[in-house]
Amino acid sequence: MMTAPQARPAVSPVVASASAPKPAPLLDVRGLTISYGNARGTLRAASDVGFAIRPGEVMGLVGESGSGKSTIAMAILDLLGGGGRVDSGEILFDGTDLRKLPASERRALRGDRIAAVFQDPFTSLNPALTVGRQIAEPLIQHKGLSPRQAAVRVEDLLAEVGIRDPRRVAAAYPHELSGGMQQRALIATALGCEPKLLILDEPTTALDVTVEARIIELLAKLCDSHKLSALFVSHNLGIVNRICQTVTVLYGGVVVETGATGRVLSRPAHPYAKGLVAALPRITADRRHRLPSIPGTVAKLSGSPAACVFAPRCPFAEETCRSRPQAMLTDGDGDGVRCWKADALAGTPWPDEEATGLRRPRTGETAETRSAPLVEVDHLRKIYGASRSILPWLRRAGTVAVEDVSFTIGRGEVVGVVGESGSGKSTIGRALLALTEPSAGTVLFDGADLTQQVKRGDQTLRRRAQLVFQNSAASLNPRKTVGAAMDRPLVLAGRADAEERRKTIAGLLTRVGLPAAYADRFPHELSGGERQRVNIARALATDPDFVVCDEAVSALDVSVQANILNLLAELRDEMGLSYLFITHDIAVVSHIADRVLVVYGGTICEEGPIGRVLRPPYHPYTEALLSAVPRLAGDGPEAPRILLEDAATAPGGRGCAFAARCPRKLGAVCDEQAPPVHETADGHRIACHIPLATLAERAAVFPELADADALPR
Amino acid sequence: MLAYTLTRLVYLALVLAVMSVLVFLVTQAMPGDVASMIAGQFASKEVVDAIAVKLGLDQPLIVQYGHWAAGILRGDLGRSLVLEQPIAPILLEALGRSLVLAVVALAVVAVVGIGLGVLAAVRRGKLTDQLVSGVSYLGIAVPDFFWAIVLVLVFGSYLKLLPTGGYAPITDGFLPWASHLVLPVVTLVLMLLARIARLTRSSMIDVLQTNYVKFARAKGMPESVVILRHALKNALLPTITVLAIDFGLILGGVVVIETIFSYPGMGRLLLFAIQRHDLPLIQATILIVSAAYCLANLTADLLYAFVNPKIRHGMRAS
Ligand code: SF4
Ligand code: SF4
């Protein structure tokens, strides 16, 4: 029974409850406690963590940054490093406690029986060695193959992970491959010695959405055909839903819920899991509502928890929650939840945002017909790396980053730019802020040419246009406190009164969900999400009219992301801010943008009000993007996925930029002629050789959205 | 790679051409004039003028430069006024001795410095690391001539183990040749070692934290392979550049050290030429020193590109 708090049993609850005749787990983690120690004290990264993975099972280990999920993965690999230490617990692999093995034996297991794939393919391959050699290394090390035998196996492996010319790829250096190809090569490395267990640490997080979809497909296929078990560490619930049979949810280094993926994601029992699922931006959600978000930030533990770890942020918390740690309550099927109220809360959803959350109804008039647009981009073109030289072999045509892009942004309007890496979306944003000079075309800000103004040294307009970008760590000076970093723009804007500035800073910090006391902290004392909030607060310090958000929420945890999206929406409504919202995530953009540009290879494929872009007719690229959006178990059926080929060559040339990967390519005409732009009365534009009527025949990716009138505008 | 090398060679030629003009002009501006120096203190004006005409000193500067430059292009560096010999063989000899010094010193620096750097990085924060760091600080803080003097006093004057100066050609036998090299080489090593060790240490520490090193460990590679194959190769990039530049420096003559040990390399030759106002010798020496320096830089860049596939391929593509 799950109604009363229970004393915490010493053994892993999942195992204790595994009474049904199931195969013995391949990986059985029990009571794992990990801490990081440095001069300033110790931090608990994992407290009494337990879970089990059965043969052939893929388990998702989900949680936000600071939840300890990667730490646990590294502990299993014996690669903690950096002051990390396993204090207690067992890591049973095939019945053997890995912790009792000497380091050399653990090393021998690594890459052989337990293989890993990490997050960032771009940095996981050694730039100085050929890809083939790196894949061959474990084969030679663990299987005793000769380099020549290994080379043969390497080509087989590369073929197996879907690389079409294995020989060329094996001889290539990592930088010659695309991110998707690099990740395939890493997967091939992991598969080489036919391991039993894969540790996948956010294996697709750094990849483009369309590439991610393919890699997930590949991983699922491989796990199935090789009967692999895998620990899939991820923050992405949609991806977990696609590939994992079971899921374990971590919060603050503590397992809060575990169970079958379908059940946990459709009917989460723990309040934190409820919050996570609710905060996920969904394309199909009613955009007039604010996204549900989880208030507060993850608290860091220094010892074993004395209360429910989630209590400070839990809307259902009571006194009992704060007075004692929660026990894992399990049922016979291996489902477990660490909340004494779980049963009572069974039907209760995560609370909506407070009543004021209903956003100002936005009609077409407010944004589009009010006076002149704030930003006008006309035939913008940007070429990087072109150079003239007297030495003929040095002349270079350069790479086209943006090719003839025109659009406008109205006052108070949010224009989303969706595209993958190399689409030119960031270049567009930088050109709009005069951070890069267009090779051709103009950018008008409030009727004035911003580039020219900045060239003349006039900073007034620039103050009205700010940037928030993804890399939150790089944009803050490590030697300045948060307050000092935010003070500067205020001083530059002529705010003389120090006391008043301090208040403004405190207000801004509170606004972005940080305690005002953070003004005295240094960037390294903040989490990645907190730093990004500081960046947003700083961008807002000068009361700008226009903010370019370049992947501003992409690195943030789901709950924080929802918070920031709500905040940005609020600011837009209250202050009439305009945004250019650049992202790779079409679900995020659908929540905040009024209009969307879908860009590929430096050109706009599709442009229109968000409601139009999400429904047919689709540009073939938009259709693929939408079909790649992962959905949760409870959200309705997944659309058939359109898997794109990996890009073999960079887009460019005379024809359609998407021609090399387009699944609906008509033929030579797509390669040779720039596609015509079909435009409809409501401002929906699609650049494609396929006639609009034919494009409109495709089924909607999100049938829920098919009814145009029900769609919030 | 070829295109890149070609480009760099073109630049090298340009730099040297500019250098030659500068060298020529600077030496022209130096006090004293060649003709009266050759003629001697008491020569009459007629004699001086005659010598000037003979040397072509009466012609416009641009013509003089043309003659000089044309000579160099033919491999004729002119004649030394003081030594009254063709310059080329003198220079070549000095350059050869500097080359010996540079090769031996840098070989030691490379092996010991990189070794210490790697060791310190791998044992980061431990006693070995602190020792290496401490000694490195000392090496950087103390000026090179101090070591030279200490070494001369201890090994030469006090212990009388080694010759304190001079040079013995290898034709005199290996031992005398080597014994003359020991002290200058040790001084140079002391001077350069610290920087190489520290540089290697810090880039090694960076590389050891990269994902590809983590991934190599996740593949179960033994630590020695991780360090030598995966980390060191990447960590050496900056070190290589500095080593090559140091090479150019020694080749171009390390005046202080050559003077203290009376080592007849490029540095001493240049000093001699300047003290004696031997204009053609000064011009030729400086030009060769610049060329050596530029070549060392070029080698550094080419080496860097060669070790770094990213650059190597970028060049092939262009
Ligand atoms: S134990 Fe209490 S605070 Fe913790 S999740 Fe359950 S309801 Fe919330
Ligand atoms: S123009 Fe051709 S290649 Fe481009 S999107 Fe349309 S069908 Fe595909």
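Remember, it's a predicted structure, so these values are computed and weren't measured experimentally. (Residues numbered from 1 in each chain as written. Chains lettered and ligands numbered in written order. Predicted model: local features only at pLDDT ≥ 70, side-chain atom pairs only at ≥ 80, totals over all residues. Heavy atoms only, no water.)

What follows concerns the environment of V152 of chain A. Structurally, the position occupied by V152 of chain A is in helix α6 (residues 147–160). As for V152 of chain A and A136 of chain A, which are separated by 16 residues in sequence, their C-alpha atoms are 9.3 Å apart. (Helix = DSSP H or I, 4+ residues; strand = E, 2+ residues; numbered from the N terminus.)

Here the idea is simple: oppositely charged side chains can pair when their charged atoms come close. Counting across every chain of the model gives 40 salt bridges over all chains. The residue R113 of chain A makes a salt bridge to D112 of chain A at a minimum N-O spacing of 3.8 Å. Under the relative-accessibility criterion, R113 of chain A is labelled partly exposed at 23%. Owing to a relative accessible area of 13%, D112 of chain A belongs among the buried residues under this scheme. With a closest N to O distance of 3.0 Å, D246 of chain B and R195 of chain B form a salt bridge. Taken together, the residues span a long stretch of sequence, with D246 of chain B in helix α10 (residues 223–251) and R195 of chain B in helix α8 (residues 174–208) at a distance of 51 residues. The class of D246 of chain B is buried, set by a relative accessible area of 1%. Shared partners join several salt bridges into a network, and the residues in it are R411, D446, R464 and D545 of chain A. (Salt bridge = Lys/Arg side-chain N within 4 Å of Asp/Glu carboxyl O. Buried < 20%, exposed > 50% of the residue type's maximum accessible area, 1.4 Å probe, protein only.)

So, about the sheet that holds strand β15 (residues 414–418) of chain A. Residue and element names in this part refer to chain A. Taken in spatial order, the 8 strands line up as β18-β19-β20-β15-β21-β22-β24-β23 in an open sheet, and their pairing is mixed. Strand pairing shows two members of the sheet lacking a second neighbour, β18 (465–469) and β23 (677–679), which therefore form its edges. The mean angle between the axes of side-by-side strands here comes to 15°, regardless of whether they run parallel or antiparallel. In the sheet, strand β22 (residues 603–609) pairs with strand β24 (residues 685–687) via 2 bridges, with the strands oriented antiparallel. Pairing of E606 across the sheet is with I686, part of β24. On the sheet, helix α15 (residues 425–432) packs against β15, β19 (546–550), β20 (578–583) and β21 (595–600) and is oriented at approximately 155° with respect to β20. (Pairing = 2+ DSSP bridges. Axes fitted to C-alpha atoms, helices over the stretch in contact; angles between N-to-C directions. Contact = heavy atoms within 4.5 Å.)

This paragraph deals with the side chain of T71 of chain A. With respect to the secondary-structure elements, T71 of chain A resides in helix α2 (residues 69–77). The buried category is assigned to T71 of chain A, whose relative accessible area is 13%.

Here we come to the site of ligand 1. As a structural note, the neighbourhood of ligand 1 is formed by H270, P271, C308, A311, C314, F316, A317, C321, Q326, C339, W340 and K341 of chain A. Split by residue class, the shell around ligand 1 holds 9 nonpolar, 2 polar and 1 charged. (Near = heavy atom within 4 Å. Nonpolar A, V, L, I, M, F, W, Y, C, P; charged D, E, K, R; others polar.)

Accessible area lost on assembly of the parts is the figure often given for the size of an interface. Contact with chain B, which involves 25 residues of that partner, is made by 32 residues of chain A. Buried area between chain B and chain A, summed over both chains or domains, comes out near 2600 Å², and the portion from carbon and sulfur atoms is 63%. If you sort the residues of chain B by the area they bury against chain A, F215, A218 and K219 of chain B come out on top, with a joint share of 23%. Across the salt bridge formed by R229 of chain B and E137 of chain A, the nearest N and O atoms sit 2.4 Å from each other. Linking chain B to chain A there are 13 residue pairs in polar contact (both at pLDDT 80 or more). Listed by contribution, the elements that provide at least two residues to the side of chain B that touches chain A are α1 (2–29), α9 (211–218), α10 and α14 (309–317) of chain B. In terms of residues, the side of chain B that touches chain A owes the most to one element, α9 of chain B, which gives 6 residues. Of the residues assigned to the side of chain B that touches chain A, the class counts are 11 nonpolar, 7 polar and 7 charged. (Buried area = accessible area lost by both parts, 1.4 Å probe. Polar contact = N/O pair within 3.5 Å; in protein donor to acceptor, adjacent residues only side chain to side chain.)

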